[in-house]
Amino acid sequence: MESLCFHDGNLADFIDTRTLHVRSDINHSLQMHSSFVRRLSLERELEGHQGCVNTIAWNSKGSLLISGSDDAHVNLWSYESRKLLHSIDSGHRNNIFCTKFVPETSDELVASGAGDTEVRLFNLSRTHEDTASNLSAHFQCHSRRVKKLAVEPGNPNVVWSASEDATLRQHDLREVTSCPPAESSHQECRNILLDLRSGAKKSLGSPPKQSLMLKSCDISSTRPHLLLVGGSDAFARLYDRRMLSPLSSCRRQLSPPPCVNYFCPMHLSDHGHQGLHLTHVAFSPNGEEVLLNYSKEHVYLMDVNPIHPSAMRYTSDDAMKFFNPTGILKEVQSKPPVSDFFPNRFPAKRNLAARLDQCRKLIQIAEKSLKEGANYYYGIEACNDVLHGYGQIGHTLMHECLCLRAALLLKRNWKNDAHMAIRDCYRAVEIDPTSVRALLCMAEALLQLGKHKEAMEFAIGGQFSAPSNMEAAEMVEKIKKRMDLVEAEASNKAAKGGPRFETRSGGGSGGRVISLSDILYRADAIGEEDTLQPLSGSGREDSDYEEEELELEFETSVSSGGDDEEEEEESNNLQPTLNVRIHRKFDSTVNTRHTTTTTSSSSCGSPKSSPRSDKLTRQNERAIDMKRQYVGHCNTGTDIKQASFLGQKGEYIGSGSDDGRWFIWEKSTGRLIKVLTGDGAVVNCVQSHPFDCVVATSGIDNSIKMWSPLAAFPCVVDGIEIESGDILDIMEANQRRLSNNRAVSVPFDALEEFRMHEFPDGSLRPFECVQS
């Protein structure tokens with residue numbers, strides 16, 4: 001009988017190796033073997049919550065699973081029996097967003113963080129119905145929702161909490177087990193490890209100004225001094241806790257501390273990405289990589305170590321050149337073409353011939369896809385196999401495959417495909433500066449992005465390289481017509497004039513001015529296409545679901561008319577200001593419409609002083625670029641959607657999705673290998689068991705799903721297993737949801753009749769709407 005073959009080896013070979021040689025990593029290698037992952041199927045549903053399950057976490061031994069829900073209960077489950085052991089009424093007054101086992105406490109101490117701004121710790125050895133009897137610690141110092149908790153392996157004394165109040169706090173259980181509420185003026189908690197209330201950046205080169213609402217954090221299991229955070233801008237930040245300042249209080253706002261590294265795909269590091277923010281950040285099991293899940297974007301993998309060959313570091317100047325590549329032709333075309341060689345060593349002729357033959361077959365599949373204008377996804381996957389799955393293939397074949405993948409990306413035209421095509425074209429032009437195909441693909445990509453001037457430069461460059469090439473001449477004409485059309489439209493608009501305030505493009509309201517009462521009370525004012533619909537069946541009044549809902553945000557800040565050095569002395573000149581922001585609910589990128597003088601207290605929500613960041617010049621920051629992109633899921637609805645490494649070695653990537661499914665990709669290639677239906681609406685959490693090939697998922701449903709390998713192999717179509725439906729239809733629907741992000745701009749005139757009410761914690765929120 002012929003044995004089954006897998007890219008990561010046969011199980012029989014592993015067993016033979018184990019009997020002949022001692023292998024310490026044999027369990028690691030077998031946990032997420034491809035034969036197991038391909039057979040993952042729903043094994044059991046754990047029922048016991050009465051609301052959406054927002055967080056799940058395994059203990060270090062894998063014997064217990066903890067969960068938190070909108071029902072404000074913390075549930076403890078047995079892995080062996082798949083049964084509920086304890087259900088604790090946490091006492092939280094809002095949705096629980098994060099739960100953790102505290103290490104080295106015999107799994108008796110668990111922590112929870114919730115939308116009521118509180119962090120609570122419970123002792124499971126005291127299983128009483130009375131919440132106060134179970135409560136071991138109670139921290140109330142945050143002023144906004146607590147979205148994530150972190151613990152350090154081997155440390156039973158400290159818990160960290162990340163909140164949307166832009167602080168990450170360190171709770172040392174040896175010093176204190178309770179703290180006063182955030183609005184208290186009698187005491188202050190000196191537990192702020194990261195103060196990022198002026199830490200958010202619009203771009204890599206811009207100074208930090210806005211509040212960075214933290215959505216996620218993680219501590220490296222191999223180097224616990226490394227701390228990773230992500231929130232309401234495009235940049236994940238890596239900090240070394242040994243280099244941070246002593247813990248501070250919220251009474252005085254501090255400048256954001258310097259971080260070890262920024263992580264952000266280069267094409268996302270510039271201005272103009274409305275609503276882009278991070279919902280989850282995570283270290284790989286070996287601590288060498290980080291995974292970022294973006295709202296309204298894809299999942300990205302980066303290297304932690306900046307000296308790693310694949311850890312591409314870039315500056316704000318590099319990012320500007322990426323978006324405005326006017327000098328690339330001069331830079332690249334001054335270099336000679338790269339010769340076709342294998343840099344490390346020349347492979348054996350037999351292996352090289354077989355490998356190149358397989359690569360050419362894959363390229364033929366991709367060429368056929370491009371020619372027929374169908375199945376672009378599979379053509380791109382064939383190119384990915386060539387570029388990532390066959391090692392060194394030589395520069396000639398690499399150049400051909402890069403140009404082909406760029407052309408396929410432009411035809412597919414999913415979210416950010418044009419940016420990915422530009423990356424491929426850059427690499428292709430570096431190999432061959434006279435490549436007409438690469439230059440014309442670059443021009444087409446820039447044209448899709450609306451950068452007509454830069455597109456024209458590359459089209460003319462292609463025409464210069466091959467004067468007789470008809471495609472180059474046609475591209476130049478195409479761009480000229482587009483530029484003329486854009487200029488004519490701009491002239492007509494200027495001649496006609498327009499209303500002072502109008503909705504943004506795609507807003508669906510036909511340019512009408514929308515009143516505040518329309519937004520608050522009449523969803524139909526936004527237009528039929530943008531009608532705000534709540535999530536059916538969710539039953540949550542204050543859930544984390546982000547379904548096209550608008551909200552007002554009021555932020556206070558304090559500034560003075562003097563120099564930075566004189567601010568402390570001239571405290572009498574301080575003028576508190578109110579920033580009124582209107583945006584979609586949970587949307588991190590908001591536009592300030594008006595600033596007015598008001599009064600504020602000196603509570604946690606309104607620090608006594610803030611750094612004068614408006615005097616800062618453009619900063620020459622450095623960031624680490626993406627190593628791999630994972631595409632197919634949809635993340636637009638919730639701020640707790642995870643992307644996780646699966647297995648002890650992290651060979652696979654798993655992520656939830658807004659279509660009720662969860663996706664599994666091969667980490668090394670980015671290939672999507674499995675799509676499973678995991679929820680009636682949205683899958684948020686994906687957590688792999690520490691040792692077994694078992695994955696737990698949760699979302700809007702009240703249950704937790706347990707996934708394990710079944711005995712029989714599923715039917716695999718085109719390399720991807722899916723339970724039902726067509727994979728391309730599913731992925732394309734998700735891409736449409738990612739791309740259809742409409743923002744509504746509201747004129748300030750609508751705010752004039754809107755009164756404010758100041759709450760005790762110093763934050764300003766709407767009180768009532770007065771009709772004229």
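Predicted model only: the values in this text are computed from it and were never measured.

Draft legend 1. Geometry of the environment of Tyr377. Within the secondary structure layout, Tyr377 lies in helix H8 (residues 376-389). On a C-alpha basis, the gap between Tyr377 and Lys411 in space is 9.9 Å, while along the polypeptide they are 34 residues apart.

Draft legend 2. Structural detail: the pairing of strand S30 (residues 672-677). Within S30, 5 of the 6 residues are buried, leaving the element largely enclosed by the surrounding structure. One ladder, built from 5 bridges, connects strand S29 (residues 661-666) with S30; its direction is antiparallel. Bridge pairing in S30 links Ile664 to Lys674.

Draft legend 3. Representation of the sheet that holds strand S4 (residues 73-78). Taken in spatial order, the 4 strands make up an open sheet running S2-S3-S4-S5, and their pairing is antiparallel. In this open sheet, the two strands that pair with only one neighbour each are strand S2 (53-58) and strand S5 (84-89). Across the sheet, the axes of successive neighbouring strands diverge by a mean angle of 15°, strand direction being ignored. Relative to strand S3 (residues 64-69), S2 runs antiparallel, the two being bridged by 5 bridges. Following the sheet pairing, Thr55 is matched in S3 by Gly68.

Draft legend 4. Main features of the pairing of strand S8 (residues 119-123). Among the 5 residues of S8, 5 are classified as buried, and the element is accordingly described as predominantly covered. Neither face of S8 is open: one carries Val119, Leu121 and Asn123, the other Arg120 and Phe122, and all of them are buried. Of the pairings in the sheet, the one linking strand S7 (residues 109-114) to S8 comprises 5 bridges and is antiparallel in character. What sits directly across from Leu109, in S8, is Asn123. Connecting S7 to the antiparallel partner S8 that follows it, the hairpin turn spans 4 residues, and Thr117 within it adopts a positive phi of roughly 80°. Where S8 lies against strand S9 (residues 135-139), 4 bridges are found, and the strand directions are antiparallel. Residue pairing across strands places Leu121 opposite Ala137, the latter belonging to S9.

The rules behind each value
Residues numbered from 1 in each chain as written. Predicted model: local features only at pLDDT ≥ 70, side-chain atom pairs only at ≥ 80, totals over all residues. Heavy atoms only, no water. Helix = DSSP H or I, 4+ residues; strand = E, 2+ residues; numbered from the N terminus. Buried < 20%, exposed > 50% of the residue type's maximum accessible area, 1.4 Å probe, protein only. Pairing = 2+ DSSP bridges. Axes fitted to C-alpha atoms, helices over the stretch in contact; angles between N-to-C directions.

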